[in-house]
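Notes for the structure review
Each chain, written out:
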Amino acid sequence: MAKSGNSSLVPQAREALDKFKMEAASEVGVNLKQGYNGDLTSRQAGSVGGQMVKNICPVRTVKFTRNYRWLDGHSKEITYEVSLTM
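Rules used throughout
Residues numbered from 1 in each chain as written. Predicted model: local features only at pLDDT ≥ 70, side-chain atom pairs only at ≥ 80, totals over all residues. Heavy atoms only, no water. Helix = DSSP H or I, 4+ residues; strand = E, 2+ residues; numbered from the N terminus. Expected span 1.5 Å × (residues − 1). Core = buried A, V, L, I, M, F, W, Y, C linked by side-chain atoms within 4.5 Å. Buried < 20%, exposed > 50% of the residue type's maximum accessible area, 1.4 Å probe, protein only. Contact = heavy atoms within 4.5 Å. Axes fitted to C-alpha atoms, helices over the stretch in contact; angles between N-to-C directions. Parallel < 35°, antiparallel > 145°, perpendicular 65-115°, else oblique. Nonpolar A, V, L, I, M, F, W, Y, C, P; charged D, E, K, R; others polar.

**Quick word on helix H1 (residues 13-28)**
Its 16 residues place the ends of H1 23 Å apart at the C-alpha level, agreeing with the 22 Å of an ideal helix rising 1.5 Å per residue. Gly29 sits one or two positions beyond H1 and adopts a positive phi of about 80 degrees.

Okay, structure coming up:
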């Protein structure tokens, strides 16, 4: 049966995740303290979580150009911008 709750499958990962969370919080200007942070607003907590996701799953932007030829004798350069989530 699988574990539920906040327990980590790898106990050593807890310390690394806490450090990562503190770094993300400092990047967005939220003051976290060790232990309970229930006094944070939803916006603050969400910005910390969002920053963590942004660092874990970066979006890569790819641009490429091709000629657009619909009518004979007419061509136009088209640039595509695609975002890839890794």
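**Focus: the nonpolar core**
If you look at the biggest cluster of nonpolar residues, it comprises 6 residues: Ala24, Ala25, Val30, Leu32, Val48 and Met52. At the level of secondary structure, the elements contributing two or more residues to this core comprise H1 and helix H2 (42-56). The residues contacting Ala25, other than those within four sequence positions of it, are Val30, Leu32 and Val48.

**Digging into H2**
Here H2 is 15 residues long and its end C-alpha atoms lie 21 Å apart, about the 21 Å a rise of 1.5 Å per residue gives. The inward-facing, buried residues of H2 contact H1.

**Examining the packing of H1 against H2**
As a packed pair, H1 and H2 sit with axes 8 Å apart at the nearest point and diverge in direction by 110 degrees. With respect to each other, H1 and H2 are oriented roughly perpendicular. Contacts from Phe20, Lys21, Ala24, Ala25, Glu27 and Val28 of H1 reach H2 at Ser47, Val48, Gln51, Met52, Asn55 and Ile56. For the contact of H1 with H2, a count of residues per class yields 7 nonpolar, 3 polar and 2 charged.

**Topic: the environment of Val48**
Along the chain, Val48 turns up in helix H2. On the basis of relative accessibility, which here comes to 5%, the residue Val48 falls in the buried class. Spatially, the C-alpha atom of Val48 lies 9.2 Å from that of Glu23, the residues being 25 residues apart in sequence. Those residues within four positions of Val48 in sequence are excluded, and the remaining contacts are Lys21, Ala24, Ala25, Val28 and Val30.

It is worth stressing that arrangement in space is one thing and function is another; only the former is reported here.
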